[in-house]
Amino acid sequence: MSKLNETDIQGFVLRGYNLPFARYVFLHFEDAARARKLIGSLLPLITTGQRWDNGKPQSTVNIAFTHRGLCALELPEATLLSFPVEFQQGMKHRAGILGDTGHNAPEQWDELWHHNRVHAWLGVNAQSPEALEARCAALRSLLTETSGATILASQDAAAVMENGKPTSREHFGYTDGFGNPDYLGISRSTQPGQGKLMPDGTWAPLATGELLLGYADEAGELPVSPLPYLLANNGSFMVYRKLHQNVATFRKYLNDLSTQYSGGKEKLAAKFIGRWRDGTPLELSPDHPAPSIVEDPNRNTNFTYGADPEGTSCPIGAHIRRTHPRDAFGFNGKLIDRRRITRRGLPYGPPALEDQPASDADDRGIIFMVLNASISRQFEFVQQQWIEYGNDARQGNDKDMLLGNHGGHGKFVIQGDTTETNPPFVCAHLPNFVELRGGDYFFLPSITALGMIAMGLVDPR
Amino acid sequence: MPNQNGSIYGLSILSPIIDDPSVNPSHDLQIREILATLSTGAESPFAIAPGTHMARFVVLDDVIFVGYPSVEEHLQSKYLILESNLDGDLDTYLRGLIAAAPQQLDAIYNHCVGYPGSSNPRAFVDYMKSCQLETTFLFAAVNDKSLPETLRALQTQRAVSDFIVTHQGTEPARLQSEFAQFAAKLKSLPIPKPASTTMHRELKIGGRNE
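Criteria and cut-off values
Residues numbered from 1 in each chain as written. Chains lettered and ligands numbered in written order. Predicted model: local features only at pLDDT ≥ 70, side-chain atom pairs only at ≥ 80, totals over all residues. Helix = DSSP H or I, 4+ residues; strand = E, 2+ residues; numbered from the N terminus. Rg over C-alpha atoms; globule rule 2.2 N^0.38 Å. Buried ≥ 20, exposed ≤ 12 C-beta atoms within 10 Å, placed from the backbone. Contact = placed C-beta atoms within 7 Å. Pairing = 2+ DSSP bridges. Nonpolar A, V, L, I, M, F, W, Y, C, P; charged D, E, K, R; others polar. Axes fitted to C-alpha atoms, helices over the stretch in contact; angles between N-to-C directions. Parallel < 35°, antiparallel > 145°, perpendicular 65-115°, else oblique. Left-handed = near helix turned anticlockwise from the far one by under 90°. Domains from an automatic or database assignment.

Trainee: Could you give me a rundown of the overall build of chain B, with the residues and numbers involved?
Mentor: From N to C terminus, chain B includes 7 helices and 5 strands. In sequence order, chain B lays out its α and β elements as β-β-α-α-β-β-α-α-α-β-α-α. For chain B, whose C-alpha radius of gyration is 22 Å, the value lies well above the compact-globule estimate of 17 Å for 210 residues. Its C-alpha atoms give chain B principal-axis dimensions of about 75 × 45 × 35 Å. Taking all 210 residues of chain B together, 20% fall into the buried category. Taking as baseline every contact in chain B between residues at least 6 positions apart, the subset at least 24 positions apart corresponds to 74%.

Trainee: Please give an account of the pairing of strand β2 (residues 59–65) of chain A that cites residues and values.
Mentor: All names here are of chain A. Along β2, 7 of the 7 residues are buried, which leaves the element largely enclosed by surrounding structure. Of the strand pairs in this sheet, β2 and strand β3 (residues 120–126) are connected by 7 bridges, and their pairing is antiparallel. Its bridge partner being in β3, isoleucine 63 is matched across the sheet by leucine 122.

Trainee: Just give me the short version of the interface of chain B and chain A, but keep the residues and values in it.
Mentor: Each partner contributes residues to the interface: chain B has 9 residues there, and chain A has 12 residues. Across the side of chain B that touches chain A, the residue classes tally to 5 nonpolar, 2 polar and 2 charged.

Trainee: Got a sec to walk through the packing of helix α6 (residues 147–167) of chain B against helix α7 (residues 172–188) of chain B? Specific residues and values, please.
Mentor: Residues and elements named next belong to chain B. Between α6 and α7, the shortest axis-to-axis distance is 12 Å and the interhelical angle comes to 155°. For the element pair α6 / α7, the angle class is roughly antiparallel. In the crossing of α6 with α7, the sense of the turn from one axis to the other is right-handed. Residues Thr156, Ala159, Phe163 and His167 of α6 form the contact with α7, whose participating residues are Leu175, Glu178, Phe182 and Leu186. Taken together, the residues of the contact of α6 with α7 break down into 5 nonpolar, 2 polar and 1 charged.

Trainee: Describe unusual backbone geometry, naming the residues involved and giving the relevant values.
Mentor: The phi torsion of most residues other than glycine is negative, and most of the peptide bonds are trans. Cis rather than trans, the peptide bond between A:Leu227 and A:Pro228 has omega equal to 0°. For A:Pro228, the location among the structural elements is in the loop between β8 (203–204) and α8 (229–232). Here the residue pair B:Tyr68 and B:Pro69 is connected by a cis peptide bond, since its omega of 5° sits within 30 degrees of zero. In this fold, B:Pro69 is placed in the loop between β3 (52–60) and β4 (79–87). Positive phi values are uncommon outside glycine, yet A:Asn116 reaches one of about 55°. Residue position: A:Asn116 is located in the loop between α6 (95–98) and β3. The phi dihedral of A:Asn332 falls on the positive side, at around 55°, and the residue is not glycine. By the secondary structure assignment, A:Asn332 is in the loop between α12 (319–323) and β10 (342–348).

Trainee: Outline the domain arrangement of chain A, supporting the account with residue identities and numerical values.
Mentor: Residue and element names in this part refer to chain A. When its domains are assigned, chain A resolves into domain 1 (6–242 + 439–455) and domain 2 (247–340 + 388–435). The distance between the C-alpha centroids of domain 1 and domain 2 comes to 29 Å. Facing the 24 residues of domain 1 at the interface are 27 residues of domain 2. Along the lines of polarity and charge, the residues of the side of domain 1 that touches domain 2 split into 9 nonpolar, 12 polar and 3 charged.

See the structure below:
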């Protein structure tokens with residue numbers, strides 16, 4: 001059993017803060033010495049994984065670096081070269097592998113990403129807009145005092161509010177954020193269905209090394225890590241993707257198709273994802289939403305697909321069945337234990353309530369962040385094989401209905417049965433419901449590693 | 001049964017490559033160059049000739065020492081490996097191959113020891129069989145259907161999928177009549193040529209051909 005030093009790990013890695021307001025600030029370092037000084041000043045402010053016994057703080061701060069950022073900090077060459085290749089190359093360079101082409105190609109991304117100038121990501125989460133502003137003002141003063149970095153751009157994000165309270169809904173109307181994996185040694189309120197499937201049907205935490213560097217992973221190996229060990233240990237890799245949502249296109253497609261689908265509009269929406277829009281898993285309640293299931297942590301992620309091999313309850317190509325296949329590929333789910341990712345993120349842009357008009361041109365979407373020990377083995381595999389290709393799910397060339405880069409040619413098959421309200425149905429001519437607007441690969445170091453970087457102590461020998 | 005899985009024959013041929021230090025570039029590099037530009041589409045020898053489900057050429061340089069406790073060993077020669085999943089009788093298949101693509105096969109196998117050339121089909125068949133190894137473990141994607149049956153099935157799958165997309169929700173009597181027309185038309189279509197139905201894949205997953 002891994003014993004984790006929670007005060008040495010950035011809190012953002014260990015838990016979703018569940019704070020409704022966020023700002024992601026992108027920094028550029030002009031001078032290595034001044035940038036190191038800035039990191040030194042930031043160090044006492046960084047939120048660690050220490051438990052919040054006295055309640056949640058008003059705000060949190062975390063930091064991560066691109067490979068170019070680590071170069072700008074003048075880490076030793078031998079260290080820089082020891083990082084995994086995909087991290088050295090960055091997400092833009094990996095576009096062909098990720099299927100980030102056409103509407104999702106780097107040329108279509110926000111200006112921020114065009115010039116390879118992003119060196120660091122500062123993630124600030126807060127309980128209120130006031131707390132967010134206060135924390136950001138303090139950070140800006142620190143930047144000014146140290147002249148350690150310039151701000152290239154900021155991205156605000158916030159939970160969609162309903163009656164003044166934050167919800168976990170995204171802009172298409174689905175309840176999001178179920179089912180991040182459990183890992184050995186990480187204490188959080190765990191629930192069945194969130195780790196790995198065991199032969200007896202129970203769920204167990206994944207090996208710590210699937211999330212954090214320096215610990216054994218599911219193969220009993222240490223993840224590929226930079227040198228020295230102390231720089232890597234307790235760190236993780238983060239993928240940042242700004243996903244624009246074409247809400248008008250989604251609504252029109254759903255409305256148009258639901259006139260042909262005898263199960264009705266909400267069931268069709270549920271078939272896309274594998275959950276009703278309130279979050280009820282189709283696998284547990286194929287005919288109607290069931291709030292009692294959504295609210296029950298012992299049930300809302302606790303299911304498998306073994307009893308539904310034909311996909312008559314949850315389509316084989318539904319989003320959650322593709323991206324977390326549980327037992328769907330056989331072998332008691334063993335094939336997927338090294339392909340799991342931890343997700344963070346919040347919606348951005350003005351909320352689009354169902355009864356209000358929405359346009360694709362509105363700047364609206366979701367900031368999608370992934371934490372994993374190996375970007376190539378975990379995130380890139382999921383993106384390439386399970387989002388942009390369908391062979392593992394036996395869906396041929398069909399891509400993920402919601403996230404796929406379809407370009408108007410996509411297809412999604414809803415398996416059905418002979419009942420009137422659950423017919424087989426083919427969704428064709430899929431447009432891009434989601435478009436990539438930018439992002440990159442980041443390294444989230446431990447508190448010790450941040451100190452080493454700040455003090456110029458990184459020594460790969 | 002060795003070499004056979006269902007109705008599919010698994011062919012393994014190891015041809016020693018000529019080792020001649022006076023030749024530059026060496027014979028194995030010359031084969032590698034040809035293979036690097038050999039079509040994997042409709043112009044491939046295996047697409048022109050009948051009966052190939054899947055085929056792969058590999059140049060085997062040597063065995064690699066992977067470290068203690070394994071023992072360091074070396075091959076006596078470099079080899080050209082041909083692995084092929086094919087329909088039916090081996091002699092018929094090999095004769096079909098040399099008849100369809102004599103120039104391409106000569107260009108490759110002229111660099112192998114004892115290759116008789118394509119002018120005498122019988123000698124070609126004998127040569128290939130003399131280099132054959134028994135295939136003891138064989139994976140075939142489809143092991144109970146012939147190549148034409150498989151190509152027809154892929155064509156049908158795609159056509160039916162398109163038909164469903166355009167006819168979803170059509171009123172039953174009209175659907176039945178249009179399906180009858182569709183089925184008759186599909187039946188009359190020629191069997192697609194090998195490799196002609198391969199779909200363009202945008203994703204790069206590594207390797208020269210992608």
